[in-house]
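Below are the chains, spelled out letter by letter.
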Amino acid sequence: MVTIVDTNVLVDLTTTGSPWHVWSRGQVVSAFRRGPVVINPIIYAEFSIRYDDIEEVERILPQDEFRRENLPWPAAFAAAAAFRVYRSSGGGRERILPDFLIGAHAAIRGYAVLTRDPKGYRPYFPLLDLVTPETHP
């Protein structure tokens, strides 16, 4: 099974004081055992904002472990459609389009999403296989 790792889990990996560090680390290790682990440019950008040096980001997210994959064009359309539903049903500006792009990428490719914040995925991508603290304590 291919798993996309959400940015919040990657941040947890690098934040040893985080209450989610142990859970996130264990789930990433489990994801590696199940199959390829993927990140896309949106995840890479959200994670990289914390760093000044690309070499440090590459050391933390080595390409031989975290497979890079571009966003499929149909996923961009699916993300826009989900975001439109979100906004038309009164969704505020606190949830941003990148969350929908990550979910749509996984949905279009049939990947699981490893996240500790499933609320942005479940209503808009109900068939998505989510690895969360609720489903994998």
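Refer to the structure presented above.
Residues numbered from 1 in each chain as written. Predicted model: local features only at pLDDT ≥ 70, side-chain atom pairs only at ≥ 80, totals over all residues. Heavy atoms only, no water.

A.B. asks: How should I be thinking about the side chain of S48 in this particular structure?
C.D. replies: Mapped onto the secondary structure, S48 falls in helix α3 (residues 41-48). Side-chain polar atoms of S48 contact the backbone oxygen of Y44, separated by 2.7 Å. (Helix = DSSP H or I, 4+ residues; strand = E, 2+ residues; numbered from the N terminus. Polar contact = N/O pair within 3.5 Å; in protein donor to acceptor, adjacent residues only side chain to side chain.)

A.B. asks: Help me understand the pattern of salt bridges in this model?
C.D. replies: The final tally for this structure, using the stated rule, is six salt bridges. Of the charged contacts, one joins R116 and D12 as a salt bridge, the two residues approaching to 2.6 Å between their closest N and O atoms. Within this pair, whereas R116 is found in the loop between β4 (112-114) and β5 (129-131), its partner D12 is found in helix α1 (residues 7-14), the two being separated by 104 residues in sequence. For R116, a relative accessible area of 27% translates into the label partly exposed. Since its relative accessible area comes to 2%, D12 is described here as buried. A salt bridge links E58 to R68; the shortest N-O distance between them is 2.9 Å. Placement of E58 in helix α4 (residues 54-60) and of R68 in strand β3 (residues 66-68) is noted, with a sequence separation of ten residues between them. (Salt bridge = Lys/Arg side-chain N within 4 Å of Asp/Glu carboxyl O. Buried < 20%, exposed > 50% of the residue type's maximum accessible area, 1.4 Å probe, protein only.)

A.B. asks: Help me understand the packing of aromatic side chains in this model?
C.D. replies: Aromatic ring pairs: the centre-centre distance and the angle between the two ring planes describe each pair. Throughout the structure, instances matching the rule amount to eight aromatic pairs. Both rings, one in F32 and one in F66, keep their centres 5.4 Å apart while their planes meet at 70°; by these two values the pair is edge-to-face. In this pair, F32 is assigned in helix α2 (residues 21-34) and F66 in strand β3, connecting sequence segments 34 residues apart. A residue is classified by how much of its surface remains accessible, and F32, at 32% relative accessible area, is partly exposed. With centroids separated by 5.2 Å and ring planes inclined at 70°, the aromatic side chains of F100 and Y124 adopt a geometry described as edge-to-face. (Phe/Tyr/Trp six-rings, centres within 6.5 Å; stacked < 30°, edge-to-face > 60°.)

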